[in-house]
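Below are the chains, spelled out letter by letter.
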Amino acid sequence: MIIDTTEVQTINSFSTSGFFKEVYGLIWIIPILTLILEITIGVLVIVWLEREISAAIQQRIGPEYAGPLGILQAIADGTKLHLKEDLLPSRGDIRLFSVGPSIAVISVLLSYLVIPFGYRLVLADLGIGVFLWIAISSIAPIGLLMSGYGSNNKYSFSGGLRAAAQSISYEIPLTLCVLSISLRLEIGRNDQVVLPYDSDLDSSTVDIVEAQSKYGFWGWNLWRQPIGFLVFLISSLAECERLPFDLPEAEEELVAGYQTEYSGIKYALFYLASYLNLLVSSLFVTVLYLGGWNFSIPYIPIPELFRINQMAGIFGMTIDIFITLAKAYLFLFISITTRWTLPRMRIDQLLNLGWKFLLPISLGNLLLTTSSQLVSL
C-alpha cells in the first residue's frame, strides 16, 4: 500500500486549521465573559451607591450590616430572590410570562457590544453602532408588554401598555439627538452633505469618541450639542423608567405594574434589566457627549503628560476604563439624586412632554445642526 505524502500533509493541514478554529472560538468567549462579569460588578456597585446616596439625601442610615459598609447587601438580596419560590399565574399565558423577563435582560446586554471602554476596547466596532443600540433597546418594551399580557392581570397589562407607550414616546427624540451627532460627524469628515438615508452615514461609537478628542474637553459634544444633550438626558431617564418617569411601576399604586404577578428569579430579572439599562444609558451619554475615554486639557493630552504611552499597554487601558466609568457614574449620580428630588409625573404629563415638547426640540436641533454645517462648508 502506497501513501502519498502530499495527501497526508493536506489532511494534517485541514486538521490543524480546524484545531485553531476551535481554539479561536474558545478565546473569543473570554472577552464576552469578562464583559459580563464587569457588567455584573457594575450593577452591584450601582445598587450599593443608590442605597447609600438615597440614605444620605433622606438623612437616614443605609445598609451597614451585610459586609463592610453594606457592600454585600445587593448580593444578599439577589441570593434571597433566587431562592424564593417561582410562582406562575394559573390562568395566564405561561410561555409569554416566562419569556418576557428574559427578553428585557438580553436586549439590554446586547447593547454593551458596541460600547468602547477605551482605545480598541470594544467587542464590535460597527459603523451603525449607536443605531444598533437604539434598535436593540426598542425590543425591551416588547418583553414588558408580553409579561403584562401573559400575567392575565389588568394591572399588569396596564403597566405593560404604559411601558410601551413611554418607550415609543421618548425613543424618537433620543434617536434624533443621535442622528444630529452622526450627521455632524460625517459632514465634518467628508465636507459634503450626507443624507440620513445614505448608506455611508457613520455612527461608530469609536469614531464619535475620537472626533471629540481633537480639542480636549472643549471638543466634547456637550458644548457643541447642548440642546441635544439635555433632550438625550431626559429621554434616557424616561427610557430607564427612573423618577420622575417611573409610571409603569409607580410605587404609590400598591401594585408593581407588569411585575405584579412575578416572584423569585423572574422578579429579580426585571430589576437587573432596569439597572443594566441605566448603566448602558450612562455609558452612551459618556460616549456621545462627554468624550468617552478621552480626558485631555486642550493641546496637552493627559496620556502624554503622564507618559502613559511609554508605559505598559495594560496600564493605559486601565486609565481609559477608569475615565469612562468615572464619567458614566457621574451621570448615575445625577439620576439617583433626581429620584429623590423631583415628584412623579402623571401619565398625561409624561406623554405631553415627549410628544409636544421634546420631539419638536429634537427636530429643531437636527435642523439647526444641519444648517450650521452647511453654512460652514
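Residues numbered from 1 in each chain as written. Predicted model: local features only at pLDDT ≥ 70, side-chain atom pairs only at ≥ 80, totals over all residues. Heavy atoms only, no water.

By the naming in an unreviewed UniProt entry, the protein goes by NAD(P)H dehydrogenase subunit 1 and is assigned to Rhynchospora pubera. Within the UniProt record for the protein, the comment given under Sequence similarities (unreviewed entry) is "Belongs to the complex I subunit 1 family." (UniProt positions renumbered as here; feature names shortened; annotations may be inferred.)

Participant: Looking at this structure, how should I read the pattern of salt bridges?
Facilitator: Between side chains of opposite charge, a pair can form when the charged atoms approach closely. Enumeration over the complete set of coordinates arrives at six salt bridges. Its salt-bridge partner being arginine 339, residue glutamate 50 comes within 2.5 Å of it at the nearest N-O pair. Residue glutamate 50 is found in helix H1 (residues 5-57), and its partner arginine 339 is found in helix H12 (residues 313-339); the two are separated by 289 residues along the sequence. Taking the relative accessible area as the measure of exposure, arginine 339 reaches 22% and is therefore partly exposed. As a salt-bridge pair, arginine 346 and aspartate 348 come within 3.1 Å of each other at their nearest N and O atoms. Its relative accessible area of 33% is what places aspartate 348 among the partly exposed residues. A network of salt bridges, in which partner residues are shared, links Glu50, Arg242 and Arg339. (Salt bridge = Lys/Arg side-chain N within 4 Å of Asp/Glu carboxyl O. Helix = DSSP H or I, 4+ residues; strand = E, 2+ residues; numbered from the N terminus. Buried < 20%, exposed > 50% of the residue type's maximum accessible area, 1.4 Å probe, protein only.)

Participant: Explanation requested: the side chain of asparagine 277 in the structure shown.
Facilitator: Locating asparagine 277 in the fold gives a position in helix H10 (residues 264-289). If we ignore the near neighbours within four places in the chain, the residues touching asparagine 277 are Val108, Glu239 and Cys240. (Contact = heavy atoms within 4.5 Å.)

Participant: Is there a simple way to think about the UniProt feature "transmembrane region" (unreviewed entry) in the protein in this case?
Facilitator: UniProt annotation of "transmembrane region" (unreviewed entry) refers to residues 23-49, 94-115, 121-146, 268-291, 311-336 and 357-375 when read in the numbering used here. For residues 268-291, the end-to-end C-alpha separation is 33 Å, with 92% helix and 0% strand making up the annotated structure. In residues 357-375, helix accounts for 100% and strand for 0%; the two terminal C-alpha atoms are 27 Å from one another.

Participant: Mind showing me how you'd approach the nonpolar core here?
Facilitator: One recurring pattern in soluble globular proteins is that nonpolar side chains are buried together. Counting 59 residues, the largest nonpolar core has Tyr112, Trp133, Phe232, Phe245 and Leu288 as the members making the most contacts within it. When residues of this core are traced back to their parent elements, those giving at least two are H1, helix H3 (94-109), helix H4 (129-137), helix H6 (154-190), helix H9 (226-239), H10, H12 and helix H13 (347-376). At 12 residues, H10 tops the list of elements feeding residues into this core. Sequence-distant contacts of phenylalanine 232, defined by excluding residues within four places in its chain, comprise Trp133, Leu174, Cys177, Val178, Phe284, Val285, Leu288 and Tyr289. (Core = buried A, V, L, I, M, F, W, Y, C linked by side-chain atoms within 4.5 Å.)

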